[in-house]
Amino acid sequence: MLKANDPCWCGSGAKFKRCHRSPEQQLRPGNLSPWRTVPAEIPRPDYAETGEPVRRPEPRVKSPEVIERMRRACRAAAEVLEIGAAAIAPGVTTDAIDAIVHQAYIDRGGYPSTLNYRGYPKSLCTSVNEVICHGIPDDRPLREGDIVNLDVTIFLDGVHGDTNATYPVGAVDDESRRLVEVTRECLARGIAAVGPGRPFSDIGRAIEEHATANRLEVVRAFVGHGIGEQFHTDLQIPHYYEPRFTAVMEPGMIFTIEPMISMGTGQHRIWPDDWTAVTADGSRTAQFEHTVLVTDDGVEILTLVGRD
Ligand code: MF3
Ligand code: CO
Ligand code: CO
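Not measured: the values here are computed from a predicted model.

Trainee: Give me the overall build of the protein chain: which residues, what numbers.
Mentor: A tally of regular secondary structure across the protein chain gives four helices and 15 strands. Rg of the C-alpha trace for the protein chain: 19 Å, near the compact-globule value of 19 Å for 308 residues, within the 12% margin. Taken along the three principal axes of its C-alpha coordinates, the protein chain extends 60 × 45 × 40 Å. Sequence-distant contacts, at least 24 apart, represent 71% of the contacts inside the protein chain between residues at least 6 apart. For the protein chain, the computed accessible surface area is about 13400 Å², with 52% contributed by carbon and sulfur atoms. Taking the average location of the 33 positive side-chain charges in the protein chain and that of its 44 negative ones, the two points are 5 Å from each other.

Trainee: Can you lay out the coordination of the cobalt ion (ligand 3) for me, pointing to particular residues and giving the numbers?
Mentor: Around the cobalt ion (ligand 3), the protein contributes the donor atoms D151 (OD), D151 (OD), D162 (OD) and E289 (OE), at 2.1 to 2.4 Å from the metal centre. Taken in sequence order, the residues that donate to the cobalt ion (ligand 3) follow the motif D-x10-D-x126-E. Metal-to-metal, the separation of the cobalt ion (ligand 3) and the cobalt ion (ligand 2) is 3.3 Å; D162 coordinates the two. A residue pair is termed long-range when its members are at least 10 positions apart, and D162 in strand β5 (residues 159-168) and E289 in the loop between β13 (285-287) and β14 (290-294) qualify at 127 residues. You can call E289 buried: its relative accessible area is 1%.

Trainee: So what about helix α2 (residues 94-107)? Which residues, and what values?
Mentor: Across its 14 residues, α2 extends 20 Å between first and last C-alpha, which sits within 8% of the 20 Å expected from 1.5 Å per residue. Within α2 the residues assigned to the buried category are T94, D95, I97, D98, V101, H102, A104, Y105 and I106. Buried positions along α2 lie against α1 (64-86), β1 (111-112), β2 (125-128) and β4 (147-156). Just beyond α2, the residue with positive phi is G109, at close to 80 degrees.

Trainee: So, the site of ligand 1: which residues are in play, and what are the values?
Mentor: Among the 14 residues in the neighbourhood of ligand 1, the closest are listed as T114, H225, H232, E258 and E289. A distance of 3.3 Å separates a nitrogen atom of ligand 1 from a polar side-chain atom of T153. Protein chains shield 97% of the accessible area of ligand 1, which is 340 Å² for the free molecule. For the shell around ligand 1, the per-class residue count stands at five nonpolar, five polar and four charged.

Trainee: Talk me through the sheet that holds strand β6 (residues 217-218); I want residue IDs and the actual numbers.
Mentor: The three strands lie next to each other as β6-β10-β13, forming an open sheet whose pairing is antiparallel. Strands at the two margins of the open sheet, each flanked by one partner only, are β6 and β13. Note that strand β10 (residues 260-262) and β13 share three bridges and pair antiparallel. Residue pairing across strands places M260 opposite Q287, the latter belonging to β13. Against the sheet, helix α3 (residues 174-192) makes contact with β10 and β13, and its axis sits at roughly 35 degrees relative to β13, the strand it touches most.

Trainee: Please set out the coordination of the cobalt ion (ligand 2) residue by residue, giving values where relevant.
Mentor: Protein coordination at the cobalt ion (ligand 2): the donors are D162 (OD), H225 (NE2), E258 (OE) and E289 (OE), at 2.0 to 2.2 Å from the metal. Taken together, the six donor atoms coordinating the cobalt ion (ligand 2) and their angles of 51 to 162 degrees define a geometry best described as irregular. Donor residues for the cobalt ion (ligand 2) sit on one chain with the sequence pattern D-x62-H-x32-E-x30-E.

Trainee: Pulling in residues and values, what's your account of the pairing of β14?
Mentor: Of all the five residues making up β14, five are buried; the element is thus mostly covered by neighbouring parts of the structure. Of the two faces of β14, the one carrying H290, V292 and V294 and the one carrying T291 and L293 are both buried. Bridging between strand β9 (residues 254-257) and β14 involves four bridges; their strand directions are antiparallel. For I257, the partnering residue across the bridge sits in β14 and is H290. Judged from the three bridges that link them, β14 and strand β15 (residues 299-301) form a sheet pairing that is antiparallel. Residue pairing for β15: V292 is matched across the bridge by I301.

Trainee: Outline the packing of α3 against helix α4 (residues 201-213), listing residues and values.
Mentor: Relative to each other, α3 and α4 sit at 155 degrees, their axes nearing to 8 Å. One way to sum up the angle between α3 and α4 is to call them roughly antiparallel. Note on packing geometry: the crossing formed by α3 with α4 is right-handed. Contacts between α3 and α4 involve V182, E185, C186, R189 and G190 from the first element and I203, A206, I207, H210 and A211 from the second.

Rules and cut-offs
Residues numbered from 1 in each chain as written. Chains lettered and ligands numbered in written order. Predicted model: local features only at pLDDT ≥ 70, side-chain atom pairs only at ≥ 80, totals over all residues. Heavy atoms only, no water. Helix = DSSP H or I, 4+ residues; strand = E, 2+ residues; numbered from the N terminus. Rg over C-alpha atoms; globule rule 2.2 N^0.38 Å. Contact = heavy atoms within 4.5 Å. Areas by Shrake-Rupley, 256 points an atom, 1.4 Å probe, with all protein chains shown as cover. Lys, Arg positive; Asp, Glu negative; His and termini not counted. Charge placed at Lys NZ, Arg CZ, Asp CG, Glu CD. Donors = N, O, S within 2.8 Å, 3.2 Å for Na, K, Ca; no water. Buried < 20%, exposed > 50% of the residue type's maximum accessible area, 1.4 Å probe, protein only. Expected span 1.5 Å × (residues − 1). Near = heavy atom within 4 Å. Polar contact = N/O pair within 3.5 Å; in protein donor to acceptor, adjacent residues only side chain to side chain. Nonpolar A, V, L, I, M, F, W, Y, C, P; charged D, E, K, R; others polar. Pairing = 2+ DSSP bridges. Axes fitted to C-alpha atoms, helices over the stretch in contact; angles between N-to-C directions. Tetrahedral: all angles 85-135°; square planar, octahedral: opposite > 155°, others 65-115°. Parallel < 35°, antiparallel > 145°, perpendicular 65-115°, else oblique. Left-handed = near helix turned anticlockwise from the far one by under 90°.

Structural measurements only, silent on function.
Right under this line is the structure:
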C-alpha cells in the first residue's frame, strides 16, 4: 500500500497524495444546476426544443454569404471564450463559468449551441484534468493545480462558431504545463497544414508527429468536423495520420481542428452521464480548437477576437 508521501506508482515523480493519477485526485461527477433559459427573441437551432439535430445536406464549400456569417459567429465565439477564461480561478465552480458564458452568448444575440444538443444540458463544456472533452459544468470548485478546457460554441446568424482552449488554474506542475503548451503547438501545426490542394490527412499527420516527438498520445476517438449551418457535418478531420483520407481541401471549406492530447493513454471511457469522456488511465489531457476557412492561398483562422 502506497503512503501519501511515497512517489506515485505512475512514475510521474510526484508524491502519491498529490499525483493526478492517484485515485484520491480523480474527478467525480458533481451536481448540475437547473436548465438555463434563452430569451424567446433569440433565434434557435432546429434541435433546441427536441434535442435532435435534423441532418441536412450542406455544401462543404461555403458561399461568400455564409462565409461572412461564419466570420461573425466565430469572432463572437472567440470573445465568449475570453470572457469565460477570465473567470477561471481556484474556488470558482464550472457551473459559475457556465452561467457567465451563457449570458455572454445572449448579450451577442446568440444561442448556446451545446444547450440541448443531443440532450447536452449546459451552455459550455468544461473538461478538467483527465476529462478529454464534453465535461458538464457542475458544482465542483476548480482547485489550484487543475487544468481546465472551456469549449464554447455559439449559434449566431444561422451558423455555428466553435472554439476551445485549456487553461491552468493557479500554479500547475511542470508536466501539466508542458502538456498544455505542446497541445497548443499541435493545433498550430495542424492549422499550418491547411491549404487548397492539400489532402486532409496532412493535418492529422502534422499533429501526431508533434505529439509523438514529445512522448504524448493523440486521442483518436474524437475528431475535428465540418461546421456551418449545422454544428457537426459529415466531414471528419482526425488528429492522427490516416492515409485513407485522400480528400483534398478546397477554398471555401470551413471545419474545426481540435486535437486532444494525453500524457498517458489516448484510450477513453465515458461516464454514466453519457457525455464526460475521461482517459482510461486517469492521465491528464489538454485540447485546443479553432474553426478555420480554407482560402485561395492558405488558411484563415475564424475564431479569433478582433483587435481593431
Ligand atoms: N464543441 C464541441 C466540439 O468541439 C462539441 C460539444 S457537443 C456537446 O465539437 F453536446 F457536448 F456539447
Ligand atoms: Co468542434
Ligand atoms: Co468545440
